[in-house]
Amino acid sequence: MNKLLQRQLKRHLGWHDTEVIAATLQRTEQGDALQLPKLRQLLQAVDDAYEQSERDLLLRSRSLELSSDELTQANNELRLEAAARLRVIDSLWDTANVLLADMGRKALERDQTNLEQLSALMLRLVQERQQAEVKMQSQEARFSTLVANIPGVVFRCEVNFPWSMLFINEQIEEFSGYHRDAFLASPPMMKYGELILASDLAQVNQAINDAMLGDGRYSCEYRIAHQDGSVRWAFERGQVVRNEAGEAIYLDGIIFDVSEQKQAAQRIRQLSAAIEASPSPVAICKARGQIEYINPKFEAVLGFKLTDVEAKNVTSLLKDAKDSALYAPLWQGEPVSEYWHHDLLHKRHDGSECWMSVSISPIRDAELRTSHYVVVFDDIGVRKAAEAALLAAKDAADQANRLKSDFLANMSHEIRTPMNAIIGMSHLLLKTQLTHKQRDYLSKSSTAAESLLRILNDILDFSKIEANRLIVESLPFRLESVFEQVSALHSVRAEEKQLKFTVDMLSPCPPALRGDPMRIGQV
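Residues numbered from 1 in each chain as written. Predicted model: local features only at pLDDT ≥ 70, side-chain atom pairs only at ≥ 80, totals over all residues. Heavy atoms only, no water.

Chemist: I'd like a description of the overall build of the protein chain, backed by residues and values.
Modeler: Across its full length, the protein chain carries 15 helices and 12 strands. By residue count, 27% of the 523 residues in the protein chain fall in the buried class. In the protein chain, the share of contacts with a sequence separation of at least 24, taken over all contacts with a separation of at least 6, comes to 48%. Carbon and sulfur atoms make up 56% of the accessible area of the protein chain, which amounts to about 35,300 Å² in all. (Helix = DSSP H or I, 4+ residues; strand = E, 2+ residues; numbered from the N terminus. Buried < 20%, exposed > 50% of the residue type's maximum accessible area, 1.4 Å probe, protein only. Contact = heavy atoms within 4.5 Å. Areas by Shrake-Rupley, 256 points an atom, 1.4 Å probe, with all protein chains shown as cover.)

Chemist: Give me the lowdown on the sheet that holds strand S4 (residues 231-242), citing residues and values where you can.
Modeler: Pairing within the open sheet is antiparallel, and its 5 strands lie in the order S2-S1-S5-S4-S3. Edge positions in the open sheet fall to strand S2 (165-168) and strand S3 (217-225), since each of these has one partner strand only. Taken over all neighbouring pairs, the strand axes of this sheet differ in orientation by 25° on average, direction set aside. As paired elements, strand S1 (residues 153-157) and strand S5 (residues 248-257) share 5 bridges and run antiparallel to each other. In the sheet register, valine 153 faces S5, and the bridge partner there is isoleucine 255. With respect to the sheet, helix H7 (residues 198-213) is in contact with S3, S4 and S5, its orientation differing from that of S3 by roughly 165°. (Pairing = 2+ DSSP bridges. Axes fitted to C-alpha atoms, helices over the stretch in contact; angles between N-to-C directions.)

Chemist: For unusual backbone geometry, give the residues involved together with the corresponding values.
Modeler: Here the residue pair phenylalanine 161 and proline 162 is connected by a cis peptide bond, since its omega of 10° sits within 30 degrees of zero. Within the fold, proline 162 resides in the loop between S1 and S2. In this structure, the amide linkage connecting serine 186 to the following residue, proline 187, adopts the cis form with an omega of -5°. A positive phi angle, near 60°, is found at tryptophan 163, a position not held by glycine. On the secondary structure map, tryptophan 163 appears in the loop between S1 and S2. By relative accessible area, tryptophan 163 is classed as buried at 4%. Of note, alanine 311 is a non-glycine position whose phi angle comes to about 70°, a positive value. Mapping alanine 311 onto the fold places it in the loop between helix H10 (306-309) and helix H11 (328-331).

Chemist: Describe the sheet that holds strand S10 (residues 370-379), with residues and values.
Modeler: Ordered in space as S7-S6-S10-S9-S8, the 5 strands form an open sheet in which the pairing is antiparallel. Sheet topology places strand S7 (291-294) and strand S8 (340-347) at the edges, where each strand pairs with a single neighbour. Averaged over all pairs of adjacent strands, the angle between their axes in this sheet comes to 30°, without regard to strand direction. Relative to strand S9 (residues 353-364), S8 runs antiparallel, the two being bridged by 8 bridges. Looking across to S9, one finds that leucine 344 is bridged to methionine 356.

Chemist: Provide a residue-level description of the pattern of salt bridges, including the pertinent values.
Modeler: Across all of its chains, the model carries 13 salt bridges by this definition. Put simply, glutamate 387 and lysine 384 hold a salt bridge, and the shortest N to O gap is 3.9 Å. Remark: lysine 384 and glutamate 387 occur in helix H12 (residues 381-430); sequence separation between them is 3 residues, near one turn of the helix. With a relative accessible area of 34%, glutamate 387 lands in the partly exposed category. Each of Asp343, Arg383, Lys384 and Glu387 takes part in one network of salt bridges that share partners. (Salt bridge = Lys/Arg side-chain N within 4 Å of Asp/Glu carboxyl O.)

Chemist: Summarise the side chain of serine 164; cite the residues concerned and give the values.
Modeler: Within the secondary structure, serine 164 is located in the loop between S1 and S2. Excluding its chain neighbours within four sequence positions, the residues that come into contact with serine 164 are Cys157, Glu158, Pro188 and Lys191.

Chemist: I'd like a rundown of a nonpolar patch on the surface, residues and numbers included.
Modeler: A cluster of nonpolar side chains, namely Phe483, Phe501, Val503 and Met505, defines an oily patch on the protein surface of about 290 Å² accessible area. Relative to the helices and strands, phenylalanine 483 resides in helix H14 (residues 479-496). According to the relative accessible area criterion, phenylalanine 483 is partly exposed, its value standing at 32%. (Patch = residues over 30% accessible without salt bridge, like charges linked within 9 Å, V, L, I, M, F, W, Y side chains within 5 Å.)

Chemist: Now, about the packing of aromatic side chains: what can you tell me, with residues and values included?
Modeler: Per the counting criterion, the structure on display carries 6 aromatic pairs. The interplanar angle of 70° and the centroid separation of 5.6 Å between the aromatic rings of phenylalanine 298 and phenylalanine 377 together place this pair among those described as edge-to-face. With a gap of 79 residues between them, phenylalanine 298 in helix H9 (residues 296-302) and phenylalanine 377 in strand S10 connect regions that are remote in the sequence. For the pair phenylalanine 298 and phenylalanine 377, one class covers both residues: buried. With centroids separated by 5.9 Å and ring planes inclined at 65°, the aromatic side chains of tryptophan 331 and tyrosine 373 adopt a geometry described as edge-to-face. With a gap of 42 residues between them, tryptophan 331 in helix H11 and tyrosine 373 in strand S10 connect regions that are remote in the sequence. The exposure class of tyrosine 373 is buried, given its relative accessible area of 3%. (Phe/Tyr/Trp six-rings, centres within 6.5 Å; stacked < 30°, edge-to-face > 60°.)

Quick look at the structure:
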């Protein structure tokens, strides 16, 4: 029985189940009359059911007509969705294989196209890629720190002139004066090859070309023009980088500023040339005196070659071993002045002697400790010979002076004895009876004799002056008496020449003085 009918019978007639319905219908067939008070409602419900059934049938017919079109459209949509899904799977498959290839893994086969598996694989690959990127960023940060701390210009550039930079660190600004952005701009505002001096370009090109033909490594020195106009020396060491086909794709390397080293080397060469060309013998020895170097003049003057004196002490050249004590403070490391100098007797290679003026200056290291000494020898043989000749001449002169002084002293003594007798006899005659003219002549003779005696005394005084023994007396005297003696000494000569010799004293002149009257008379 239809379930809908069962529900209607139950609702309107109270027939609850199929057994009740079957029993009731059997009694009806046996002739029993049924009491159906709600039959009308039942029939109405049946009628409504038929109408509803007809409506449902009509709607079902219409639905079938509509479903055919919708199904066609849905099929088309499903086909498009399936094609899009297939394209997504292909794209995921290609992307997954690219990621696997980048990570060095085996590629997927074409039958591995399950969307869920590919999605899970893509998720896992993306996560691994992100982890790799984080690790790479960390490595790049460490690499950047390392590159920043390298005392040189780290670069990657093109293989051909003018070697445009693909990477260069910040040290390029200190080295060239130009900021790194000028080299890395697109297009670059500055190309490294343009900084290299034209005269050095050929050797740089040659070094790079040789590296491309050889093992790929190269090194070279050249000069660049700094932004401030100065010239800097560069030492470059690089490597040619090739692709899988063996083609050179760029250059990696590092550049060092060696300007200071070049300047220091130039100074060393100049100093070396100066020492080599020095007109004086020069030796360089260790802090304990062992000889390490001698210049050509050393060999020419002393006759020793480097093999003769190398590792020997400077004191081995001395003639007298006692002079070695003068060097002791140097070899013992005691503080000494910046300049040590002594005149010492040395011996040549052939055994002959020579006087040398030795000057020693220390060479100090970065910690101001003496590491070496520069020993300069000056041949003073000519000077020593001149000094010896001068001393001999001085001794001879001193001897001659002594002989002269002895002679003058003896002669003065011999002459003074008779002069004293003349002066004494003149004084005795002046006490006798004489005419006025005789007394005048005799007085003048006595005065002249006394003057001659004073001259003899002066000669003795000259000897005393040479012997630094002259004494100036301090006695009271009359200035008039001094002038009278002077007048008496020269008046006779004046009369012979028919001249008049007179002495006039000014009235302000004091009559008595204190001093040495004999010295004043000499004046």
